[in-house]
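Listed below are the residues making up each chain.
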Amino acid sequence: MKFLVLLALLGAAAAYTPLTAEEYAYVSGAWNKVKHSEVDILYAVFKAYPDIQAKFPKFAGKNLDEIKGTSDFALHATRIVTFISEVVTLSQNTANNDAIYNKLELFGTDHHNRGVTKDQLTEFRTALTTYLSKHAPWGDNVAAAWNKAFDNVFEVAFTKF
Ligand code: HEM
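What counts and how
Residues numbered from 1 in each chain as written. Predicted model: local features only at pLDDT ≥ 70, side-chain atom pairs only at ≥ 80, totals over all residues. Heavy atoms only, no water. Donors = N, O, S within 2.8 Å, 3.2 Å for Na, K, Ca; no water. Helix = DSSP H or I, 4+ residues; strand = E, 2+ residues; numbered from the N terminus. Salt bridge = Lys/Arg side-chain N within 4 Å of Asp/Glu carboxyl O. Buried < 20%, exposed > 50% of the residue type's maximum accessible area, 1.4 Å probe, protein only. UniProt positions renumbered as here; feature names shortened; annotations may be inferred. 1 Å grid on protein atoms, 1.4 Å probe; cavity = no way out; pocket = protein on both sides within 12 Å on 5 of 7 lines; lining within 4 Å. Points joined across faces, edges and corners; volume = space filled by probe spheres on them. Nonpolar A, V, L, I, M, F, W, Y, C, P; charged D, E, K, R; others polar. Contact = heavy atoms within 4.5 Å. Phe/Tyr/Trp six-rings, centres within 6.5 Å; stacked < 30°, edge-to-face > 60°. Lys NZ or Arg CZ within 6 Å of the ring centre and 35° of its normal.

Note on metal geometry: ideal angles are 109.5 degrees for four donors arranged tetrahedrally and 90 or 180 degrees for six donors arranged octahedrally. Just one protein atom coordinates the iron atom of the ligand, and that atom is His111 (NE2), at 2.1 Å. By secondary structure assignment, the location of histidine 111 is in helix 7 (residues 97-113).

The structure is reproduced here in structure tokens:
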């Protein structure tokens, strides 16, 4: 039993690997270039993955180009971007690890309860990474840092799925 508890603790500790200062600089540098393009980002996500759009009661079945200019669309785009900005900012300091962990667990629980799937979160990851690679300074180092950041997010959020 003690062994199992130890194993679980080790597993939890290994789940989240804080970004190094250099990785943080790559992640935040790219994010700062796109974080004011909220609507554009959500549009790119829905365009690439209509199944994500279909999960939103307010947007399901509607023409993407028509909803793009609505306040509901801007509001949700801002929620998503603000969430990411908060996680990026917190990850600057390892003293915030518990706060990040709790935030990501809540995100996982919320979205699992809303019927969002792991596959859809992975689609979101692909869409956002593609968006960043087109609109922010990009290269192997930046891509690797974002990969690590997304791995961290999903390691925690997926525990709720
Ligand atoms: C990838 C598939 C996703 C789907 C299908 C999805 C779906 C939803 C839905 C249906 C809502 C409720 C909307 C409403 O009540 O108006 C919601 C809320 C929210 N989502 Fe997502 N979401 C996804 C990914 C994400 C991601 C990746 C983020 C953050 C980076 C995010 C951040 C949020 C936030 C902050 C809220 C508002 C939470 C609240 O205040 O209740 N979502 N999501």
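Time to look at the pattern of salt bridges. For the structure shown, the criterion picks out 4 salt bridges. For aspartate 151, the salt bridge identified is with arginine 125, shortest N-O distance 3.0 Å. Within this pair, whereas aspartate 151 is found in helix 9 (residues 140-157), its partner arginine 125 is found in helix 8 (residues 118-135), the two being separated by 26 residues in sequence. The exposure class assigned to arginine 125 is buried, which follows from its relative accessible area of 14%.

Attention shifts here to the UniProt feature "domain: Globin" (unreviewed entry) in the chain. Per the UniProt record, the feature "domain: Globin" (unreviewed entry) sits at residues 18-161. In residues 18-161, the share of helix is 74% and the share of strand is 0%. The end C-alpha atoms are 22 Å apart.

Another aspect to go through is the layout of surface pockets. As a volume, the largest pocket reaches approximately 1,000 Å³. Forming the walls of the largest pocket are 41 residues, and the residues nearest its centre are His76, Ile80, Phe83, Phe107 and His111. If you list the elements that add at least two residues to the lining of the largest pocket, you get helix 3 (38-48), helix 6 (71-90), helix 7, helix 8 and helix 9. Top element by residues in the lining of the largest pocket is helix 6. It accounts for 9 residues. Of the residues belonging to the lining of the largest pocket, the class tally is 29 nonpolar, 5 polar and 7 charged.

The next subject is helix 3. Every buried residue belonging to helix 3 is among Ile41, Leu42, Tyr43, Val45 and Phe46, and all of these are buried. Check the buried side of helix 3 and you find it contacts helix 2 (21-34), helix 4 (50-53), helix 5 (64-67), helix 6 and helix 8.

With that out of the way, let us pick up the packing of aromatic side chains. Counted by the stated rule, this structure contains 11 aromatic pairs. The interplanar angle of 80 degrees and the centroid separation of 5.8 Å between the aromatic rings of phenylalanine 46 and phenylalanine 73 together place this pair among those described as edge-to-face. With phenylalanine 46 in helix 3 and phenylalanine 73 in helix 6, this residue pair connects regions lying 27 residues apart in the sequence. Both residues of the pair, phenylalanine 46 and phenylalanine 73, count as buried. For lysine 68, the ring lying beneath its charged end belongs to tyrosine 43, and the centroid distance is 4.5 Å.

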